[in-house]
Amino acid sequence: MAGITGLATTFDLPNYAGELFALTPSDTPFLSAIGGLTGGRMTTGTEFEWQTYDLRDPSQRTRLEGATAPTAEERVRANARNVVQVHQEKVSVSYTKQATMGMLATPGAAPFRSVDGSNPVSNELDWQVAQALKSIALDVNYSFINGTFSNPTTNATARRTRGLLAAISTNRIAKATTVTGATAATDTVTSTAHGLVDGDKIVFTNTSTATGITAGRIYFVDQIDANTFKVSTSSGGAAITLGTVTGIAYVKPWATALTPDHVSDLLQLAYDNGGISEQETATLLVNSAQRRALTKAFASAYGQFQETSRTVGGVAVDTIITDFGTLNVMMDRHAPQDTLTVVSLEQCSPVFLNVPGKGVMFEEPLAKTGASDEVQLYGEIGLEYGNERAHAAMTGLKV
């Protein structure tokens, strides 16, 4: 059976829960950090629940000497729910591929052999399993940030875990308006009176079934007329083929540069509602565009720009001094480019469904049907995000 170094054997099959957190921390920092902080927790149902509560506002409450006890004031708990999402990958490697480790992939001439020892992969099945596990880690990290919730009544539809951005409903600041209801045909987007011109940047918030584009990334507009436009990955670049799609949504980001006051406004929302009280885990989650904006915004703040680093849950992060303390700055490729998210990491945890006799993220061999070895990786994983009021998000920022 294939395996990778350090696999856990708590269950009957090789389990990779720990490896899922530690395999790609630079590419999956949010998942790796919350997994490293908590170790994850288990559930025995596809839907799991946790409780949140708020204390009353403090005041100088006086009591008379010798008085009877005051009227009881109970605190009300609120229930939050999410679901585990199925992550499944298959690996199939032929006997020939496993045996011919000395062959070149793209030979120029016979006999198509490499120099002995030049192939760094000595076990093709193990290597393919490791890559499949990395792919799952990327998917989990993306879902934990961007996932939209779905808990269908039957298994005819896949469950979808609610990501952090979808969970944040209280502390939100929108710096631009999201345009919904756009459609596409081949390489052209139809959006009535879009107001875009050549060279404008947009960020898709919902790509529906469109091909070639990813929600959260920056795209450049090639305006056709008042109601239609094309998009490319670079200004003046080739138009991307999108296919025939409905339900596309996008945002034209804010034109104003980010300032420390904008960041403080967002941090204050989270702080006033009980978040970012633990300095070691108070985090600004950003992609590359807002990482640059943060550096520029704070370049002359607080006398001079100061940036250091620390490790959170095994993930190296930078830190930045703000009005609300020294916060982590976590750059994650899966965060939308127009979004700045304040995260209280200590409130977040991966949740695994424990499959009896198998584990939580396991590898098992599949039935033999031909001259190849086939295995599958399987796990059901969801995000527990604590009290959504402890986090905050600012969207539509300048990119």
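For every chain, the first residue of the written sequence is number 1, and numbering continues from 1 along that sequence. The predicted origin of the model limits local features to residues at a pLDDT of at least 70 and limits the giving and counting of side-chain atom pairs to 80 or more, whereas totals for whole chains, interfaces and linings rest on all residues. Note that water and hydrogens are dropped before the side-chain values are worked out from all heavy atoms of the structure.

Asker: Break down the overall build of the protein for me, with residues and values.
Answerer: What the protein contains, in helices and strands, is 7 helices and 20 strands. Burial here depends on accessible area, computed with a 1.4 Å probe over protein chains only, as a share of the maximum for the residue type. Under 20% is buried, over 50% is exposed, and the range in between is partly exposed. In the protein, which comprises 399 residues, the share counted as buried stands at 44%. By the convention used here, residues are in contact when the closest approach between their heavy atoms is within 4.5 Å. In the protein, of all internal contacts separated by at least 6 residues, the share reaching a separation of at least 24 is 74%. A 1.4 Å probe and the Shrake-Rupley method give the accessible areas. Residues count as covered only by the protein chains that appear here. A total accessible area of about 20200 Å² is found for the protein, and carbon and sulfur atoms account for 49% of it. By the criteria applied, helices consist of DSSP H or I runs no shorter than four residues and strands consist of E runs no shorter than two, each listed in order from the N terminus.

Asker: Explain the pairing of strand β12 (residues 282-286) to me, and be specific about the residues and the numbers.
Answerer: Most of β12 is tucked away: 5 of the 5 residues are buried. Going residue by residue along β12, you find Ala282, Leu284 and Val286 tucked away on one face and Thr283 and Leu285 tucked away on the opposite face as well. Note that β12 and strand β15 (residues 325-331) share 4 bridges and pair parallel. The partner of Val286 across the bridge, within β15, is Met331. Strand pairing follows a simple DSSP-based rule, namely that at least 2 bridges must link the two strands.

Asker: Residue-level account of the packing of aromatic side chains, with values.
Answerer: Ring pairs shown here join Phe, Tyr and Trp side chains whose ring centres sit within 6.5 Å, with only the six-membered ring taken for Trp; geometry is labelled stacked below 30 degrees between planes, edge-to-face above 60, and tilted in between. Taken as a whole, this structure holds 8 aromatic pairs when the rule is applied. With centroids separated by 6.5 Å and ring planes inclined at 75°, the aromatic side chains of Phe204 and Tyr250 adopt a geometry described as edge-to-face. Of this pair, Phe204 sits in strand β8 (residues 201-206) while Tyr250 sits in strand β11 (residues 245-251), placing them 46 residues apart in sequence. In terms of burial, Phe204 and Tyr250 fall into one category: buried. Here, a charge over a ring means that NZ of Lys or CZ of Arg falls within 6 Å of the ring centre while also lying within 35 degrees of the ring normal. In this structure, Arg162 packs its charged tip against the face of Phe149, placed 4.0 Å from the ring centre.

Asker: Lay out the side chain of Gln85 with the relevant residues and their values.
Answerer: Counting through the fold element by element, Gln85 comes out in strand β4 (residues 85-94). By relative accessible area, Gln85 is classed as buried at 16%. Those residues in contact with Gln85, other than ones at most four positions away along the chain, are Ser143, Arg159, Arg160, Thr161, Gly379, Glu380, Ile381 and Gly382.

Asker: Tell me about the packing of helix α2 (residues 29-38) against helix α4 (residues 124-146), and name the residues and values.
Answerer: When two helices pack together, their arrangement is given by the angle between the helix axes and by the axis-to-axis distance. Convention adopted: a line fitted to C-alpha atoms gives each axis, helices being fitted over their contacting stretch, and angles between N-to-C directions are expressed from 0 to 180 degrees. Contact pair α2 / α4: the axes reach a minimum separation of 8 Å and the direction vectors enclose 90°. With respect to α4, the axis of α2 lies roughly perpendicular. Where α2 abuts α4, its residues Pro29, Phe30, Leu31 and Ile34 lie against Ala137, Val140, Asn141, Phe144 and Ile145. Charged residues are taken to be Asp, Glu, Lys and Arg, nonpolar residues to be Ala, Val, Leu, Ile, Met, Phe, Trp, Tyr, Cys and Pro, and polar residues to be all remaining types, Gly included. The residue inventory of the contact of α2 with α4, partitioned by class, reads 8 nonpolar, 1 polar and no charged. Our angle categories are set so that under 35 degrees counts as roughly parallel, over 145 as roughly antiparallel, 65 to 115 as roughly perpendicular, and the remainder as oblique.

Asker: Report on the pattern of salt bridges, specifying residues and quantitative values.
Answerer: Take a side-chain nitrogen of Lys or Arg and a carboxyl oxygen of Asp or Glu: if they are within 4 Å of each other, that pair is a salt bridge. According to the stated counting rule, one finds 11 salt bridges in the structure shown. In this structure, Glu47 and Arg81 form a salt bridge, with 3.9 Å as the shortest nitrogen-oxygen distance. One end of the pair, Glu47, is in strand β2 (residues 47-53); the other, Arg81, is in strand β3 (residues 77-83), with 34 residues separating them in the sequence. Classification of Arg81 as partly exposed rests on a relative accessible area of 46%. Asp318 is the partner of Arg291 in a salt bridge, and the nearest nitrogen-oxygen pair spans 3.2 Å. Highlighted residues: Arg291 in helix α7 (residues 288-297) and Asp318 in strand β14 (residues 315-322), separated in sequence by 27 residues. By relative accessible area, Asp318 is classed as partly exposed at 29%. Through salt bridges with shared partners, a single ionic network connects Glu47, Glu49 and Arg81.

Asker: Outline the nonpolar core, supporting the account with residue identities and numerical values.
Answerer: Ranked by size, the top nonpolar core spans 47 residues in total, and within it Leu20, Phe30, Phe144, Leu345 and Leu383 carry the most contacts. Looking at which element gives the most residues to this core, the answer is α4, with 9 residues. In these notes, a set of buried Ala, Val, Leu, Ile, Met, Phe, Trp, Tyr and Cys residues joined through side-chain atoms within 4.5 Å is what counts as a nonpolar core.

Asker: So, empty space enclosed by the protein: which residues are in play, and what are the values?
Answerer: A cavity here means a set of 1 Å grid points, computed over protein atoms only, where a 1.4 Å probe fits but cannot escape. A pocket is an open set with protein on both sides within 12 Å along at least 5 of 7 lines, and lining residues have an atom within 4 Å of a point. Grid points are joined across faces, edges and corners, and a volume is the space filled by probe spheres set on the points. With the rule as written, the count across this model stands at 2 cavities of 30 Å³ or more. Estimated volume of the second largest cavity: approximately 40 Å³. Contributing to the lining of the second largest cavity are Phe220, Val221, Asp222, Lys230, Val231, Ser232, Ser234, Ser235, Gly236 and Gly237. When contributions to the lining of the second largest cavity are tallied by element, the ones reaching two or more residues are β9 (218-223) and β10 (228-232). Here the lining of the second largest cavity is built from residues that sort into 3 nonpolar, 5 polar and 2 charged.

Asker: Residue-level account of a positive patch on the surface, with values.
Answerer: Patch definition: residues with relative accessible area over 30% and no salt bridge; like charges joined within 9 Å; nonpolar side chains (Val, Leu, Ile, Met, Phe, Trp, Tyr) joined within 5 Å. Under this rule, positive means Lys or Arg and negative means Asp or Glu; His and the chain ends count for nothing. Every charge is mapped onto a representative atom, which is NZ of Lys, CZ of Arg, CG of Asp or CD of Glu. Taken together, the side chains of Lys201, Arg292, Lys296 and Lys398 present a region of like positive charge at the surface. Within the element layout of this structure, Lys296 appears in helix α7.

Asker: Talk me through helix α6 (residues 260-272); I want residue IDs and the actual numbers.
Answerer: Take the residue count of a helix, subtract one, and multiply by 1.5 Å to get its expected span. Taking 1.5 Å of rise per residue, 13 residues should cover 18 Å, and α6 covers 18 Å from first to last C-alpha, within 8% of that figure. Turning to α6, its buried residues are His262, Val263, Ser264, Leu266, Leu267 and Ala270. Downstream of α6 by a residue or two, Gly274 has a phi angle that is positive, lying close to 100°.

Asker: Could you give an account of unusual backbone geometry, with specific residues and numbers?
Answerer: Positive phi, close to 55°, is recorded for Thr186, a residue that is not glycine. Mapped onto the elements of the fold, Thr186 is located in the loop between β6 (178-185) and β7 (188-190). Positive phi is not limited to glycine here, since Ile276 has a value of about 45°. Relative to the helices and strands, Ile276 resides in the loop between α6 and β12.

Asker: Quick rundown of the sheet that holds β11? Include the residues and the values.
Answerer: With antiparallel pairing, 6 strands are arranged side by side around a closed barrel as β6-β7-β10-β9-β8-β11. Strand-to-strand twist across the sheet, computed as the mean angle between neighbouring axes with direction ignored, equals 50°. Note: β8 against β11, 3 bridges, orientation antiparallel. Residue Phe204 lies in a different strand from β11, and its bridge partner there is Tyr250.

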